[in-house]
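The residues making up each chain are set out below.
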Amino acid sequence: IRDKLVTGVQTCALPILTTTDDALFENPETVLATLSGATNGAVITTGTATGTINDNDTAPSFSIASTSAAEGGVLTFTVTRSSGNAQNAQTVTFATSDAGAGAGFATAGSDYTANTGTLTFLQGDTSKTFTVASTADTVFEPNETFSASLTGTNVGSITTALATGTILNDDP
């Protein structure tokens, strides 16, 4: 360090930290540098400095895919995380809802069991699923649909927020 100081110069920039690039999306990190051990009568007036390491990796995005199953079956919705492998857990919330009323639309409680919840993506996870049970009946009717949506995330964005669950009629 001495070779970096010039007589009469009050300040100088010292390269004291090299960061390591990774492929993990993470929050900014703080580093504290401390100067000590002044010699030959030198005085350190500001002995600490704070630096921030800003992440250069892409934030995650989440999407949901539509699915179908026969009456009385289970519909499995898949939620996918694109990019943004995480240092910390990432969550996305989901909910089902009726897509409309009348023929062709399913009704929670009679055609399917509503479901809400939170999916947690850990480091390395790229997809998670949740299920919705449909109700068997003996009535001939058109296929019926309901909605499944991603309603929020603790980090990143939602690129495909809405999917359709289709209950396929299996009655003659």
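You'll find the structure just up there.
For every chain, the first residue of the written sequence is number 1, and numbering continues from 1 onward in sequence order. Only residues with pLDDT of 70 or above have their local features reported here, since the model is predicted, and side-chain atom pairs are shown and tallied only from 80 upward, although totals for entire chains, interfaces and linings are computed over all residues. Hydrogens and water are ignored here; the side-chain numbers use all heavy atoms of the structure.

**Re the sheet that holds strand 9 (residues 144-153)**
Selection criterion: If DSSP finds at least two bridges between two strands, the strands pair. The way it works is that DSSP assigns letters per residue, a run of H or I at least four long becomes a helix, a run of E at least two long becomes a strand, and they are numbered from the N terminus. Every axis in this analysis is a line fitted to C-alpha atoms, fitted for helices over the stretch in contact. Angles between the N-to-C directions lie between 0 and 180 degrees.
Pairing is mixed across the open sheet formed by five strands, whose spatial order is 4-11-9-6-7. Bordering the open sheet on either side are strand 4 (67-70) and strand 7 (116-121), each of which pairs with just one other strand. The sheet shows a mean angle of 25 degrees between the axes of neighbouring strands, direction not considered. The pairing of strand 6 (residues 90-98) with strand 7 spans six bridges and is classified as antiparallel. Across the sheet, residue Thr-93 finds its bridge partner in strand 7, namely Thr-118.

**Examining the sheet that holds strand 8 (residues 127-133)**
Overall, mixed pairing links the four strands, which are arranged 8-5-3-10 in an open sheet. Looking at the sheet topology across the chains shown, the edges are occupied by strand 8 and strand 10 (157-160). Pairwise comparison of adjacent strand axes, ignoring direction, gives a mean angle of 25 degrees for this sheet. In terms of strand pairing, strand 3 (residues 61-64) meets strand 10 through three bridges, oriented parallel.

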